[in-house]
Amino acid sequence: MTPADLSSQILHILAALQSEGTLPAFDLPKEVVVERPKNRDHGDWATNVAMQFAPKFGLVPRDLANLLVSELAKVSGIEKVDVAGPGFINITLSAAAAGELAKQIVLAGEKYGTGSALAGIKMNLEFVSANPTGPIHIGGTRWAAVGDSLARIFEAQGASVTREYYFNDHGAQIDRFARSLLSAAKGEAAPEDGYAGEYINQIANSVLANHPDAASLPEAEATETFRAHGVELMFGEIRKSLEDFGVHFDVFFHENSLYETGAVQKAIERLRTLGHIYDLDGAVWLRSTTFGDDRDRVVIKSDGEAAYIAGDLAYYLDKRERGFDRAIYMLGADHHGYVQRMMAMCAAFGDQPGVNLEILIGQLVNLVKDGEPVRMSKRAGTVVTMEDLVDAVGVDAARYALTRSSINSMVDIDLDQLSKKTNDNPVFYVQYAHARTKQVANNAVSLSVDDSEFDPSLLTHPSESDLIAKLAQLPAIMAHSSLERSPHLVARYLEEVAGAYHRWYDACRVTPLSGKPVESVHRTRLWLNNAASVVLANGLRVLGVSSPERM
RNA sequence: GCGUUUGUAGCUCAACGGAUAGAGCAUCUGACUACGGAUCAGAAGGUUGGGGGUUCGAGUCCCUCCAAGCGCACCA
């Protein structure tokens, strides 16, 4: 008996009361809130349905609650149920009914915690999308960790997810990058508006190694050579860093291709046909104010060059034409000013902003040294990269630390502190719990405790009730995390599971003390141990963190 | 000035509008010749930035003020 089971029981009872005329008819939701009360005296599970629905039924909450309680009391597996406070319904399950879940979890294995809320939905999740003018820095690393985890969470809800990286290989920043490489190759100082740093020298040298005469070509040709090959090299490094970080992109979309294929022109023509494009002062404008933007946006500048948004128009249209129901963009807070114009664009195409196009804004990562914020600058070469972070703490700790906080809050990273005090990262607490489940299972085998028996009525210790209840919440956590686009909820949940497991381990033995016989309770506890193992592993998997068997 | 995000324990942060606001780290006191002590038990720590409002109930929603981050281009 899980909270989800209780939810459907309650709805079933309400529907029955409606059809027999005891309660007036109105549409019931698909599920009701059933949660673990903070205070254990309130029972195993509690629901606020009576307070939620009483007004719609024209009743006072406590009367509706009493109606429900008398029905719930008849449900097998429910040991005790009563009304408390303003109308909460507190439910206590029998140990057997609650513990049954342990076996279900083990049998479900990797499937436990998945759902079907997004079944049949094609999602395009775009994240990182850092310019190929340098390595991925710490901010991009956060989106790599969070974005990939989010993709895994969507997939666990049945969605088909394409992870996509928009590669800005067109425009002024790339030109600056190319000129910076050329300057480095010539041994000159970086251009005023260019990039500096050791990686620029390395790439310039790599280009020279393959094209020894590149620097001595005429200016335009030389720049083009360094642009083409430099971008290619940088691109390769970025892909490798991401793969090493455990993040695999299905599509690397090149901005440049939108211009080469005429997709930009096509998108503008589409909008012009729809009446949302006009010409003024020699420029081409999108009338985005029609759809709530602050001002209209220039799409083609009066010098004939495309503005940045031109690529966005074509890119969004391309995604929709590739069949994605939802295009989700993850952007840093430094880009949140784009949201309105992007949403306006979406509406201009006749789509639904917030549905077909969704933009997640994540706060930036602060680099801290000795308690003082440090400004990261590609130009000054003070950038902390994805590789720096992984070198300092490893992939697991890095991904966990970056995914554990809400994207709405800023994260401080102090490399010196991370490389010293890695064990204050809660990832080890969770991983240790998982390793412990595996070692307990191994010990059980060697002491002839097997899984030939399962009698959940023996799981009566308070720590067992707590652990089972915690394990029962994984499906709801995963669904909520998906709905809220919040992977950090999974991390926080795992920390609670790990705590519940450690406390149970401390109080309840799977293997008997030496000299004592193996009993039913030991075999049954092995199931619970393995259920905890499954939950921890499933949770860590969606965070992209490994589940070690020993540490 | 306008927009946006944030403000919760000493620090880092949680908390679908629910009951006595929770974890980790740090501090203090305890627990192994018992399945891994990277653990566990306990203590201490709070006017959820201030003030109004909405309701059975507000850290959460609305208004306002304060403080901080980030944006406000025919740049990308």
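Because the structure is a prediction, the values reported are computed rather than measured.

### Re the packing of helix α6 (residues 172-185) against helix α8 (residues 219-244)
One can describe the packing of α6 onto α8 by two numbers: an axis separation of 8 Å at closest approach and a directional angle of 105°. As the angle between them shows, α6 and α8 are arranged roughly perpendicular. Along the contact surface, α6 presents I174, F177, A178, R179, L181, L182 and A185, while α8 presents E219, A222, T223, F226, R227, G230, V231 and M234. Of the residues belonging to the contact of α6 with α8, the class tally is 10 nonpolar, 2 polar and 3 charged.

### So, the environment of L242
By the secondary structure assignment, L242 is in helix α8. Using a relative accessible area of 0% as the deciding quantity, one classes L242 as buried. For the pair L242 and L389, spaced 147 residues apart in sequence, the C-alpha separation works out to 13 Å. Setting aside anything within four residues of it in sequence, one finds L242 in contact with V128, I136, A144, Y165, V247, F249, F252 and M386.

### Thoughts on the protein's contact with RNA strand B
Around RNA strand B, the surrounding shell holds 62 residues, and the nearest of these are K301, H336, Y338, N443 and R492. Within 4 Å of the protein, the atoms of RNA strand B are drawn from sugar and phosphate moieties in a proportion of 57%. One of the backbone N or O atoms of S302 is found 2.7 Å from a base oxygen in RNA strand B. Take M410: an N or O atom from its main chain is 3.1 Å from a phosphate oxygen of RNA strand B. Residues that form the surface near RNA strand B fall into these classes: 26 nonpolar, 22 polar and 14 charged.

### Regarding the packing of helix α11 (residues 308-321) against helix α12 (residues 339-348)
Where α11 meets α12, the closest approach of the two axes is 11 Å, and the angle between their N-to-C directions is 45°. Taken together, the axis directions place α11 and α12 in an arrangement best described as oblique. The way α11 lies across α12 gives a crossing that is right-handed. Side by side, α11 and α12 meet where I309, D312, L313 and Y316 of the first sit next to R341, M342, M345 and C346 of the second. Classifying every residue of the contact of α11 with α12 by side-chain character gives 6 nonpolar, no polar and 2 charged.

### Notes on the domain arrangement of chain A
Taken as a whole, chain A is organised into domain 1 (3-93), domain 2 (172-244) and domain 3 (423-542). Counting residues at the interface gives 5 residues for domain 1, matched by 5 residues for domain 3. Carbon and sulfur atoms make up 51% of the area that domain 1 and domain 3 hide from each other, which totals about 370 Å². The three residues of domain 1 that bury the most area against domain 3 are R36, R40 and W45, which together make up 79% of that side's buried surface.

### Observations regarding the packing of aromatic side chains
For the structure shown, the criterion picks out 16 aromatic pairs. Taking 4.2 Å as the distance between ring centres and 10° as the angle between the ring planes, the aromatic pair formed by Y166 and Y315 counts as stacked. A residue pair is termed long-range when its members are at least 10 positions apart, and Y166 in strand β6 (residues 160-167) and Y315 in helix α11 qualify at 149 residues. The class for Y166 is buried, based on a relative accessible area of 3%. The interplanar angle of 40° and the centroid separation of 4.6 Å between the aromatic rings of F253 and Y315 together place this pair among those described as tilted.

### Topic: the pattern of salt bridges
For the structure shown, the criterion picks out 30 salt bridges. With a shortest N-O distance of 3.2 Å, E71 and K74 are connected by a salt bridge. Residue E71 is classed as partly exposed on the basis of its relative accessible area, which comes to 28%. In this structure, the salt-bridge partner of D279 is R272, at a minimum N-O distance of 3.2 Å.

### Here we look at helix α4 (residues 95-108)
The first and last C-alpha atoms of α4 sit 21 Å apart over 14 residues, in line with the 20 Å expected at 1.5 Å per residue. All buried positions along α4 are accounted for by A97, A98, G99, L101, A102 and I105. Where the residues of α4 are buried, they touch β4 (88-93), α16 (462-472) and α19 (520-542). Downstream of α4 by one or two residues, G109 has phi in the positive range, about 55°.

### Some words on the confidence of the model for chain A
On average, residues of chain A carry a pLDDT of 93, and 99% of them reach 70 or more. The ipTM, which scores confidence in the relative placement of chains, is 0.95 for this predicted complex, and the corresponding pTM is 0.95.

### Notes on the sheet that holds strand β15 (residues 411-413)
Across the sheet, which stays open at both edges, the 3 strands sit in the order β14-β13-β15 with mixed pairing between neighbours. Strands at the two margins of the open sheet, each flanked by one partner only, are β14 (372-374) and β15. Strand after strand, the sheet turns through a mean of 50° between neighbouring axes, direction not considered. As judged from the 3 bridges shared by strand β13 (residues 365-369) and β15, these two strands associate in the parallel manner. In the strand pairing of β15, L367 is matched with I413.

### Thoughts on the sheet that holds strand β11 (residues 326-332)
In a beta sheet, neighbouring strands pair by backbone hydrogen bonds and run either parallel or antiparallel. Taking strand neighbours across the sheet as the criterion, the 5 strands line up as β7-β6-β5-β11-β12 in an open arrangement whose pairing is parallel. Each of the sheet's edge strands pairs with one partner strand only, and the pair in question is β7 (251-254) and β12 (357-362). Sheet twist, expressed as the mean angle between neighbouring strand axes with direction ignored, is 25°. Strand direction decides the pairing type here: β6 and β7, joined by 4 bridges, are parallel. What sits directly across from Y166, in β7, is F253. Set on the sheet, α11 makes contact with β5 (122-126), β6, β7, β11 and β12; between it and β6 the angle comes to about 160°. α12 rests against β11 and β12 of the sheet, and its axis sits at about 170° to β12.

The rules behind each value
Residues numbered from 1 in each chain as written. Chains lettered and ligands numbered in written order. Predicted model: local features only at pLDDT ≥ 70, side-chain atom pairs only at ≥ 80, totals over all residues. Heavy atoms only, no water. Axes fitted to C-alpha atoms, helices over the stretch in contact; angles between N-to-C directions. Helix = DSSP H or I, 4+ residues; strand = E, 2+ residues; numbered from the N terminus. Parallel < 35°, antiparallel > 145°, perpendicular 65-115°, else oblique. Contact = heavy atoms within 4.5 Å. Nonpolar A, V, L, I, M, F, W, Y, C, P; charged D, E, K, R; others polar. Buried < 20%, exposed > 50% of the residue type's maximum accessible area, 1.4 Å probe, protein only. Near = heavy atom within 4 Å. Polar contact = N/O pair within 3.5 Å; in protein donor to acceptor, adjacent residues only side chain to side chain. Left-handed = near helix turned anticlockwise from the far one by under 90°. Domains from an automatic or database assignment. Buried area = accessible area lost by both parts, 1.4 Å probe. Phe/Tyr/Trp six-rings, centres within 6.5 Å; stacked < 30°, edge-to-face > 60°. Salt bridge = Lys/Arg side-chain N within 4 Å of Asp/Glu carboxyl O. Expected span 1.5 Å × (residues − 1). pLDDT = per-residue confidence, 0-100. Pairing = 2+ DSSP bridges.

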